[in-house]
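Survey of secondary and tertiary structure
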Amino acid sequence: MISIIGVRFKDVGKVYYFDPTDIVFQIGDSVIVETIRGIECGKVAIANKEIDEEKISSPLKKVIRKATENDLKIIEENKEKEKKAFTICEQKIRQHKLQMKLVNVEYTFDNNKILFYFTADGRVDFRELVKDLAFVFRTRIELRQIGVRDEAKMLGGLGICGRPFCCNTFLGEFQPVSIKMAKEQGMSLNPVKISGTCGRLMCCLKYEQDVYSSLLKTTPKIDAIVDTPDGKGRVIDVNLITGILTVTLNKSPNAAPHTYKVADVKIIKDGQIKIERSEIEKLKKLESN
């Protein structure tokens, strides 16, 4: 077993493990640690605990110290610098007539690097921009292109449900979301209905997918041939949540369809959930980052 603490560098971001070096930390404590980006200040998301050493893929870096008042003052000063750097970078982007949108700016705690996050439809030649920024700020400059999901996570906003974005409030990392999930959940494959404000598939499609996947294993699908208490028939509609099937009986195909509970029918030949190639091509962009 090995002692660790979990540290976040963003309010809603990935948790990284560090060696607490015999110091006891509480959730919410600010700590100074060394990362691949340099010296950074983060907040404790997981207090001291013992975990299996096999779960650690590489040697843990040690916590340098608990953040002091002076450290917190530096962070506040960096935030003011980031606002100014954002304005300057936007001006430089316009001067170079680059097709890119600046999203966020971050100073590392030790001021050894400034990171500029941007979105763009394609690749951007920003070499001259980097030179200009390096001349102005006299430090290392890194421009990092991000996707629209990351942009939404950074900026925040309200989703179509009227609540703040999940990615900006509690989702530490994005989970894969697919068109197949929307189809299996019986949703209309209308881009407006299944995409979030970022223009990609809604993250919340993932939340109930395990339940839908489980129900699909025992529930006849549309076009399934089933044996009902009234004879054989074909399933024409399914409500996975209530477990109610609408069935057209073979003996009276022109009559009004009947409804049955899943437990009351037996599957003779199950149907399949199909996604047309044209639908996949049309909605493919919704799956990208």
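Quick caveat: nothing in here was measured; it's all calculated off a predicted structure.

1. A few points about the confidence of the model for the protein
- Looking at the protein, pLDDT values average 91 and 99% of them are 70 or higher.
- The secondary-structure element of the protein with the lowest mean pLDDT is helix H8 (residues 277-287), recorded at 75, while strand S9 (residues 225-228) shows the highest, at 96.

2. Re the side chain of Ser30
- The topology assignment puts Ser30 in strand S3 (residues 30-35).
- Beyond its immediate chain neighbours, meaning those up to four positions away, Ser30 contacts Cys41, Gly42, Lys43, Lys66, Ala67 and Leu72.

3. Concerning the sheet that holds strand S6 (residues 101-107)
- An order of S6-S7-S8 is seen for the three strands of this open sheet, with the pairing classed as mixed. The sheet terminates laterally at S6 and strand S8 (140-145), the two strands that pair on one side only. For this sheet, the mean inter-axis angle between neighbouring strands, taken without regard to orientation, is 20°.
- Note: S6 against strand S7 (residues 113-119), six bridges, orientation antiparallel. The partner of Leu102 across the bridge, within S7, is Phe118.
- Against the sheet, helix H1 (residues 69-95) makes contact with S6 and S7, and its axis sits at roughly 145° relative to S6, the strand it touches most.
- Taken strand by strand, helix H2 (residues 127-137) contacts S6, S7 and S8, and its axis lies near 140° from that of S8.

4. A short note on H2
- All of the buried residues along H2 are Leu129, Leu133 and Phe137. Each buried residue of H2 sits inside an arc of 50° when the element is viewed along its axis, so together they form one side. In H2, the exposed positions angled more than 90 degrees off the buried face are occupied by Arg127, Lys131 and Phe135.
- Here the buried face of H2 lies against H1, S6, S7 and S8.
- Where H2 ends, the next residue or the one after it, Arg138, has phi of about 55°, a positive value.

5. Notes on the packing of aromatic side chains
- Inspection of every chain in the model, using the stated rule, returns five aromatic pairs.
- Taken together, a centroid distance of 6.2 Å and an interplanar angle of 45° make the contact between Phe116 and Phe137 tilted. One end of the pair, Phe116, is in strand S7; the other, Phe137, is in helix H2, with 21 residues separating them in the sequence.
- A relative accessible area of 0% places Phe116 in the buried class.
- Residues Phe118 and Phe126 carry aromatic rings whose centres are separated by 5.7 Å and whose planes lie at 75° to one another, so their mutual orientation is edge-to-face.
- Three or more aromatic residues joined by ring pairs form one cluster here, namely Phe9, Tyr16 and Phe18.
- A cation over an aromatic ring shows up here: Lys153 above the ring of Phe174, its NZ or CZ 5.8 Å from the ring centre.

Procedures and definitions
Residues numbered from 1 in each chain as written. Predicted model: local features only at pLDDT ≥ 70, side-chain atom pairs only at ≥ 80, totals over all residues. Heavy atoms only, no water. pLDDT = per-residue confidence, 0-100. Helix = DSSP H or I, 4+ residues; strand = E, 2+ residues; numbered from the N terminus. Contact = heavy atoms within 4.5 Å. Pairing = 2+ DSSP bridges. Axes fitted to C-alpha atoms, helices over the stretch in contact; angles between N-to-C directions. Buried < 20%, exposed > 50% of the residue type's maximum accessible area, 1.4 Å probe, protein only. Arc of directions from axis to C-beta. Phe/Tyr/Trp six-rings, centres within 6.5 Å; stacked < 30°, edge-to-face > 60°. Lys NZ or Arg CZ within 6 Å of the ring centre and 35° of its normal.

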